[in-house]
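Read off the chains here:
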Amino acid sequence: MKKGSLNQISVGANFGINVIFIFLSLCCLIPFLLVLSVSLSSENAVIREGYRLIPTKFSLAAYRLLMRDISQIGRSYGVTIIVTIVGTLGSLMLTALYAYPLYRKDFPFRRFFSMFLFITMLFNGGLVPFYILYTQYLRLKDSILALIIPYLLNPFYAIVMRTFFSTTIPESLIESAKIDGAKEIYILRKIVFPLSLPVFATIGLFTTLVYWNDWFLSLIFISKSSNITIQYYMYKIIMNLQFLLSNPSISGTMAKAEIPGETARMAMAIIGIGPIVLAYPFFQRYFIKGLTIGAIKG
Amino acid sequence: MKRIKSACVLFLSIILILSMFITACSGQTDKGGSKDSDTKKTQEGQSPLDASKLDPVRLIMTVPGTPQQDQSLVNDAISKYLKDDLNVTIDLQQIDWASWGDKSNLIIASGEECDILFTAPWTQYEVNAVKGAFHELDDLIPQYAPDLLKTNYTWLLDVAKINGKIYAIPTYQILAQSRGFILRKDLVDKYGPEVNFTVKEVNKPEDLEPLLRVIKKNEPGIIPYYGNPSKLLSFMGPWDRQGSTEPTAINCYDEYPRYVNFYDNDFYRECARIARRWFVDGLVNSDIATTKEDASSIFAAGKAFCFSGQTNPAEKSSIENAVGYKIVMYPLIKPIISTSLARGAMFSIPRQSSNRERALMFLNRLHTDKNLVNMFVYGIEGKHYVFKDDSRQIIEPAPGIDPSKNPYFNLIWMFGNQSLLYAYGEENVNAANDLDNFNQNAVKSPALGFSYNPEAMKNEIAALTNIVLEYDPVISSGAVDMNKDGLYQKFLQKLKAAGIDRLLEDQNKQLEEWLKNK
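1. Observations regarding the domain arrangement of chain A
Residues and elements named next belong to chain A.
Part 1 of the argument: Structurally, chain A comprises domain 1 (3–39) and domain 2 (65–293).
Part 2 of the argument: Interface area for domain 1 against domain 2, summed over the two sides, is near 490 Å², with a carbon-plus-sulfur share of 91%.
Part 3 of the argument: Looking at the side of domain 1 facing domain 2, the largest losses of area belong to V35, V38 and S39, adding up to 72% of the total buried there.
Part 4 of the argument: Between domain 1 and domain 2 we count zero salt bridges in total.
Part 5 of the argument: Connecting domain 1 to domain 2 are zero residue pairs in polar contact (both at pLDDT 80 or more).
Part 6 of the argument: Per-class residue counts for the side of domain 1 that touches domain 2 are four nonpolar, one polar and no charged.

In structure tokens form, the structure reads like this:
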């Protein structure tokens, strides 16, 4: 019981902290609800009365409008999902395989590869050489691979993973496995990976988000609409709209019908959020565990 | 020691591999280069227009716009059409407006394959021309694009000149701009006679005032004039000016061009006075100084009687389509042609293109070949459009095609010569004539063809723009009385302190220089 009372906080503080966090949660939640509500309102009501938290006139017109473009949306959704899954798995694999040798003290080029990794974190060639490499040497323009490869190995995550290995997996564990006759691959698969699930989950979550939310790679590498991601599809529609509004001389000749209304844009945002909201609760389990395990072992 | 040694070996081997990679690539480009000079040689020996002796060439044409569903079909049709006399395959690639800025810069910077690239002042024509991103075309035009020198708009080529050289071929489209108010026709018809409202060729903003007052009195739900900070009354003058925040401008009505302080002249002060009167009397929206709302969408929602914008008669029907009301145009100035308007749509041949002669021959055709231009804009006859009236060359969407979801309908102002287009629907039957008349009757800015190079004055312009953004919207929208607490005087003083005189001096010096060499 003594331990419990040590961890106990006063009623006032408890109340205060709860109020602060409820407030912060509402700050995140209300804009989201607003988007949802606008997407379910009728276009006229939004123009007349502005954004409302509860739709004054319920309508599914915005979603029906999006349904008309279902083939493109479906296609982009598929691209995003494939890119996210393949990208996240590939990225975890590559990061782990880079980080693990760096953790092993008996790896001869450890220093060199740490430095090599570190330098890419500080310096990069800039956008144009990046673009030239992918389009002219690797010939990946318009290819779905161009959406995956650039984010495969993030040096920062590799360093995080290496640090995690060296703080949670004692070297003696690997030595004893060796003595018992385990090969390197076996050690990696049966000992290192299972012990490192928390860091995999953490980095996996980050990479999933990076892949899911990415529109920039589509913007620079993809010009065929069949291979763009859903985020870029939405970015494109909204940017086109802004561009045309700010350059009336160009848009003068274009029918306004092409331009989606407020509600349609909000509906797109809702669709874009999609299954990614489910990723949080899934990864969160490991996320918390990762933090606590780290703390107890110290 | 051993570790260092092996690290060295590894490092060296990486360098070796990289260098092999690089030499392999440069070898490739060498090959491309020699092939290029071969074709040039064969071409120089013969007449450039003898198609049977031209090698087949693929021209990649990159332009901004919404990618069209049937683009590849139309590309094929155009290529087939051009096969016999130019022997080129056209690959028109459209890049979304949203990514055009990034992508066009990447194409220029990375030297990616491209033979014809759209350019305009808003996509940094001047900067790229000076940087050497485009081929100079002066020497090639007489030989490869002779028809360009026979059009009735040859002056346009001079407008495209930067430092005396042509870097792009301008498209003949709506080159002039007339500014004024766009009014709702039903309300003009209803209340106009009451106040003896008439529309002349050039009007005064004061003459609109009685009508605004009647609307205010009788139509409570409608804002007489909906404005926003990017298009205030002071902007509606005869100014040759790049953006809405430029502190200086040239008056197009002047015989002799000279940059003046945009904010320190009688025109500006008069506009501010009128705007203030309208604001105080509630004839405008109360958030005019801050709103980011697009005035035309408020108008389209039926909540405004008028807004300010371009009043080109040629664009009347497209505005009517966009806002959903019949409109009356109330121009405040004669149409003017400024450098940036005349350079509004151009095709350049980027430095990396190895087919510049053929590209230029093709651009030449875009200015003379009616079939070609119409294919680019309307697509394939019978598939995307059909003739409704052959003799008057009126077309309509092909049967079974929903006009709002046409799989091919491109921008009418982009390709070569807009006056060659067929009339799309009965109402556009005179469009080509209207276009010619509008352009020919427009006032040419006395500094037409001059573009200011702001390199030396970048800091001043940034500082001045900030001051303008702070003061101009409240003063020229009328939201605050310009004489209150010496607001306007403070504005002018701040502009002076930020170096507007230095900017004017630099601009006028460059302008003088340009006039001398003209």
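So much for the structure itself; the text now carries on.
2. A look at the sheet that holds strand 13 (residues 327–331) of chain B
Residues and elements named next belong to chain B.
Part 1 of the argument: Strands sit in the order 8-12-7-13 across an open sheet of four strands; the sheet is mixed. Where the open sheet ends on each side, the last strands, each with one partner, are strand 8 (223–226) and strand 13. Between one strand axis and the next, the sheet turns by 25° as a mean value, whatever way the strands run.

3. Regarding the layout of surface pockets
Part 1 of the argument: Taken as a whole, the second largest pocket spans an internal volume of roughly 1,100 Å³.
Part 2 of the argument: Together, 29 residues line the second largest pocket, and A:T120, A:N124, A:P150, A:L153 and A:P155 are the ones closest to its centre.
Part 3 of the argument: Among the secondary structure elements, those contributing two or more residues to the lining of the second largest pocket are helix 5 (70–103), helix 6 (110–122), helix 7 (127–137), helix 9 (155–168) and helix 12 (197–213) of chain A together with helix 1 (2–45) of chain B.
Part 4 of the argument: Examining the composition of the lining of the second largest pocket, we find that six residues originate from one element, helix 6 of chain A, more than from any other.
Part 5 of the argument: A breakdown of the residues in the lining of the second largest pocket according to their chemical character gives 23 nonpolar, six polar and no charged.

4. So, a nonpolar patch on the surface
Part 1 of the argument: Side chains of A:I22, A:L26, A:L29, A:I30, A:F32, A:L33, A:L36, A:L53 and A:I54 sit close together on the surface and give an oily, nonpolar patch of about 780 Å² of accessible area.
Part 2 of the argument: Locating A:I54 in the fold gives a position in the loop between helix 3 (43–49) and helix 4 (61–68).

5. Here's the deal with unusual backbone geometry
Trans peptide bonds make up the majority, and among non-glycine residues the majority have a negative phi.
Residue and element names in this part refer to chain B.
Part 1 of the argument: One non-glycine residue, Q124, lies in positive phi territory at about 65°.
Part 2 of the argument: As for its position among the elements, Q124 is in the loop between strand 3 (116–119) and helix 4 (125–131).
Part 3 of the argument: On the basis of relative accessibility, which here comes to 39%, the residue Q124 falls in the partly exposed class.
Part 4 of the argument: Backbone geometry at Q393 places phi at a positive 55°, although glycine is not the residue there.
Part 5 of the argument: Tracing the sequence through the fold places Q393 in the loop between strand 16 (385–389) and strand 17 (394–397).
Part 6 of the argument: Take Q393: its relative accessible area is 29%, and that puts it in the partly exposed class.

6. With respect to the pattern of salt bridges
When the charged atoms of two side chains with opposite charge come close together, those side chains can pair.
Residues and elements named next belong to chain A.
Part 1 of the argument: Taken as a whole, this structure holds 28 salt bridges over all chains when the rule is applied.
Part 2 of the argument: Its salt-bridge partner being E171, residue K105 comes within 3.4 Å of it at the nearest N-O pair. Of this pair, K105 sits in the loop between helix 5 and helix 6 while E171 sits in helix 10 (residues 171–179), and the two are 66 residues apart along the sequence.
Part 3 of the argument: Look at E171 and you get partly exposed, because its relative accessible area is 27%.

7. Overview of the pairing of strand 7 (residues 179–184) of chain B
Residue and element names in this part refer to chain B.
Part 1 of the argument: Extensive coverage of strand 7 is indicated by the burial of six of its six residues.
Part 2 of the argument: Judged from the five bridges that link them, strand 7 and strand 12 (residues 304–310) form a sheet pairing that is antiparallel. Across the sheet, residue G180 finds its bridge partner in strand 12, namely G309.

8. A closer look at the nonpolar core
Part 1 of the argument: Counting 66 residues, the largest nonpolar core has B:M61, B:F347, B:L360, B:F362, B:L366 and B:F376 as its most contacted members.
Part 2 of the argument: Those residues in contact with B:F362 that lie beyond four places of it in its chain are B:L59, B:M61, B:L82, B:L86, B:I90, B:I116, B:L372 and B:F376.
Part 3 of the argument: Ranked by size, the runner-up nonpolar core spans 39 residues in total, among them A:M234, A:Y235, A:I271 and A:I276.

9. Thoughts on the sheet that holds strand 1 (residues 57–64) of chain B
Sheet strands associate in pairs through backbone hydrogen bonding, adopting either a parallel or an antiparallel arrangement.
All names here are of chain B.
Part 1 of the argument: Taken together, five strands build an open sheet; the order of strands is 2-1-3-15-6 and the sheet is mixed. Looking at which strands have only one partner, the edges of the open sheet turn out to be strand 2 (88–95) and strand 6 (168–170). Between one strand axis and the next, the sheet turns by 25° as a mean value, whatever way the strands run.
Part 2 of the argument: Strand direction decides the pairing type here: strand 6 and strand 15 (residues 346–348), joined by three bridges, are antiparallel. Of the residues in strand 15, the one forming a bridge with P170 is M346.

10. Some details on the confidence of the model for chain A
Residue and element names in this part refer to chain A.
Part 1 of the argument: On average, residues of chain A score 83 in pLDDT, and 88% of them reach the 70 mark or higher.
Part 2 of the argument: The spread of mean pLDDT over the elements of chain A runs between helix 15 (residues 248–251), the lowest at 51, and helix 8 (residues 145–148), the highest at 94.
Part 3 of the argument: Confidence over residues 251–258 falls short of pLDDT 50; this stretch has 13 contacts with residues more than four positions distant or in other chains.
Part 4 of the argument: Note that pLDDT drops below 50 for residues 291–298; the model gives that stretch one contact with residues more than four away or on any other chain.

11. With respect to the environment of B:V377
Part 1 of the argument: When you line up the elements, B:V377 lands in helix 14 (residues 370–378).
Part 2 of the argument: Excluding its chain neighbours within four sequence positions, the residues that come into contact with B:V377 are B:Y408, B:F409, B:N410, B:L411, B:I412, B:F415 and B:L421.

12. Some remarks on helix 2 (residues 71–83) of chain B
An α-helical segment advances 3.6 residues per turn. Residues three or four places apart therefore align on the same side.
Part 1 of the argument: Here helix 2 of chain B is 13 residues long and its end C-alpha atoms lie 18 Å apart, about the 18 Å a rise of 1.5 Å per residue gives.
Part 2 of the argument: Buried residues along helix 2 of chain B sit against strand 2, helix 13 (356–366) and helix 14 of chain B.

13. Some thoughts on empty space enclosed by the protein
Part 1 of the argument: Tallying each qualifying case throughout the model produces four cavities of 30 Å³ or more.
Part 2 of the argument: Estimates place the volume of the largest cavity at around 90 Å³.
Part 3 of the argument: Considering the residues around the largest cavity, the lining is formed by 13 residues, among which A:I222, A:S223, A:Y232, B:D96 and B:K103 are closest to the centre.
Part 4 of the argument: Secondary-structure elements contributing two or more residues to the lining of the largest cavity are helix 14 (230–246) of chain A together with strand 2 and helix 3 (97–110) of chain B.
Part 5 of the argument: Partitioning the lining of the largest cavity into residue classes produces five nonpolar, four polar and four charged.
Part 6 of the argument: A volume near 50 Å³ is recorded for the second largest cavity.
Part 7 of the argument: The class makeup of the residues in the lining of the second largest cavity is seven nonpolar, two polar and no charged.

What counts, and where the lines are drawn
Residues numbered from 1 in each chain as written. Chains lettered and ligands numbered in written order. Predicted model: local features only at pLDDT ≥ 70, side-chain atom pairs only at ≥ 80, totals over all residues. Heavy atoms only, no water. Domains from an automatic or database assignment. Buried area = accessible area lost by both parts, 1.4 Å probe. Salt bridge = Lys/Arg side-chain N within 4 Å of Asp/Glu carboxyl O. Polar contact = N/O pair within 3.5 Å; in protein donor to acceptor, adjacent residues only side chain to side chain. Nonpolar A, V, L, I, M, F, W, Y, C, P; charged D, E, K, R; others polar. Pairing = 2+ DSSP bridges. Helix = DSSP H or I, 4+ residues; strand = E, 2+ residues; numbered from the N terminus. Axes fitted to C-alpha atoms, helices over the stretch in contact; angles between N-to-C directions. 1 Å grid on protein atoms, 1.4 Å probe; cavity = no way out; pocket = protein on both sides within 12 Å on 5 of 7 lines; lining within 4 Å. Points joined across faces, edges and corners; volume = space filled by probe spheres on them. Patch = residues over 30% accessible without salt bridge, like charges linked within 9 Å, V, L, I, M, F, W, Y side chains within 5 Å. Areas by Shrake-Rupley, 256 points an atom, 1.4 Å probe, with all protein chains shown as cover. Buried < 20%, exposed > 50% of the residue type's maximum accessible area, 1.4 Å probe, protein only. Core = buried A, V, L, I, M, F, W, Y, C linked by side-chain atoms within 4.5 Å. Contact = heavy atoms within 4.5 Å. pLDDT = per-residue confidence, 0-100. Expected span 1.5 Å × (residues − 1).

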